Amino acid sequence: MGIFLEKLGNINYLENFTSFKDMPIPAAAMAFIAAFLIIAIIISIIGYVYLALVWSKIAKKLNYKKSWLAWIPIANISLVLILGGFHWALTFLILVPIFGWAALWILIIISSWKIFDKLHYPGALSLLLLGVFIPNIGGIIIIAYLVVLGFLAWTNKKVNVKLRVTSKKSKGKKKKR
């Protein structure tokens with residue numbers, strides 16, 4: 001017991017170990033957790049930059065002037081909703097726990113469907129977002145969705161997008177054919 005207390009009081013206790021197999025279990029576990037967190041942070045940053053590039057390119061393809069919104073957290077959700085034809089204020093659903101998040105998730109899927117249609121891709125590809133809820137293979141499905149978004153952004157399909165703006169004068173008039 002005296003040796004244990006002597007080592008416990010030693011500040012340089014971990015310097016005595018040259019490899020993970022010589023370390024006590026708590027120190028090795030902490031090293032593993034730290035490595036995992038570092039890798040998770042790096043992957044998150046790469047994913048965020050990728051999604052910002054993709055959504056800003058898609059916004060430019062759809063002739064939306066504020067494509068820079070893709071780089072701002074929370075505003076990028078607004079961008080997806082705007083491109084899908086919804087009002088940006090629906091982003092505030094993020095402040096309502098559970099039901100607001102579910103409603104926002106559904107609106108993002110509907111927006112993605114409309115964006116895919118505008119870019120002449122099958123809208124059903126937006127249903128890949130539901131892959132988050134499928135155990136064991138959800139991660140693979142989300143990666144597939146990210147690849148699809150990349151195709152949307154960087155393929156050269158001709159897109160003819162016209163904004164539908166109606167004025168008060170043209171509402172009552174019928175078009176002659």
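Scroll up for the structure.
Attention now moves to the overall build of the protein chain. Counting secondary structure elements, the protein chain contains 6 helices and 0 strands. In the protein chain, the succession of α and β elements from N to C terminus is α-α-α-α-α-α. When the 177 residues of the protein chain are sorted by exposure, 26% land in the buried category. Look at the contacts in the protein chain between residues 6 or more apart in sequence, and 49% of them connect residues 24 or more apart. Roughly 13400 Å² of accessible area belongs to the protein chain as shown, and the carbon and sulfur atoms make up 72% of that amount.

Moving on, we get to the packing of aromatic side chains. On inspection of all chains with the given rule, the structure shows 4 aromatic pairs. Judged by centre distance (6.2 Å) and plane angle (80°), the ring pair of Trp105 and Phe133 falls under edge-to-face. Residue Trp105 is located in helix α4 (residues 99-118), and its partner Phe133 is located in the loop between α4 and α5 (138-154); the two are separated by 28 residues in the primary sequence. Since its relative accessible area comes to 29%, Trp105 is described here as partly exposed. Overall, the relative accessible area of 58% leaves Phe133 in the exposed class. Between Phe116 and Tyr145, the ring centres sit 6.3 Å apart and the planes meet at 20°, which makes this aromatic pair stacked. Here Tyr145 lies in helix α5 and Phe116 lies in helix α4, a separation of 29 residues in the sequence.

A few words on the side chain of Ser112. Checked against the element boundaries, Ser112 lands in helix α4. In this structure the side chain of Ser112 is engaged in a polar contact, spanning 3.2 Å, whose partner is the side chain of Tyr145. When neighbours within four sequence positions are excluded, Ser112 is seen to be in contact with Trp55, Ser126, Leu129 and Tyr145.

There is a patch of nonpolar side chains on the surface, built from Ile74, Trp88, Phe92, Ile94, Leu95, Val96, Ile98, Phe99 and Trp101 and spanning about 1000 Å² of accessible area. Within the secondary structure layout, Trp88 lies in the loop between α3 (75-83) and α4.

Attention shifts here to the environment of Gly138. Among the structural elements, Gly138 can be located in helix α5. Here the alpha-carbon distance between Gly138 and Leu128, two residues 10 residues apart in the chain, equals 9.2 Å.

The next thing to look at is the nonpolar core. Core analysis: the largest hydrophobic core is formed by 27 residues, its most contacted members being Trp55, Ile58, Leu83, Ile115, Leu149 and Leu152. Of all elements in the fold, only α2 (25-61), α3, α4 and α5 reach the threshold of two or more residues within this core. When sequence neighbours within four positions are dropped, the list of residues in contact with Leu152 reads Ile58, Lys61, Ile115, Phe116, Leu119 and Tyr121.

Reading the values: the criteria
Residues numbered from 1 in each chain as written. Predicted model: local features only at pLDDT ≥ 70, side-chain atom pairs only at ≥ 80, totals over all residues. Heavy atoms only, no water. Helix = DSSP H or I, 4+ residues; strand = E, 2+ residues; numbered from the N terminus. Buried < 20%, exposed > 50% of the residue type's maximum accessible area, 1.4 Å probe, protein only. Contact = heavy atoms within 4.5 Å. Areas by Shrake-Rupley, 256 points an atom, 1.4 Å probe, with all protein chains shown as cover. Phe/Tyr/Trp six-rings, centres within 6.5 Å; stacked < 30°, edge-to-face > 60°. Polar contact = N/O pair within 3.5 Å; in protein donor to acceptor, adjacent residues only side chain to side chain. Patch = residues over 30% accessible without salt bridge, like charges linked within 9 Å, V, L, I, M, F, W, Y side chains within 5 Å. Salt bridge = Lys/Arg side-chain N within 4 Å of Asp/Glu carboxyl O. Core = buried A, V, L, I, M, F, W, Y, C linked by side-chain atoms within 4.5 Å.

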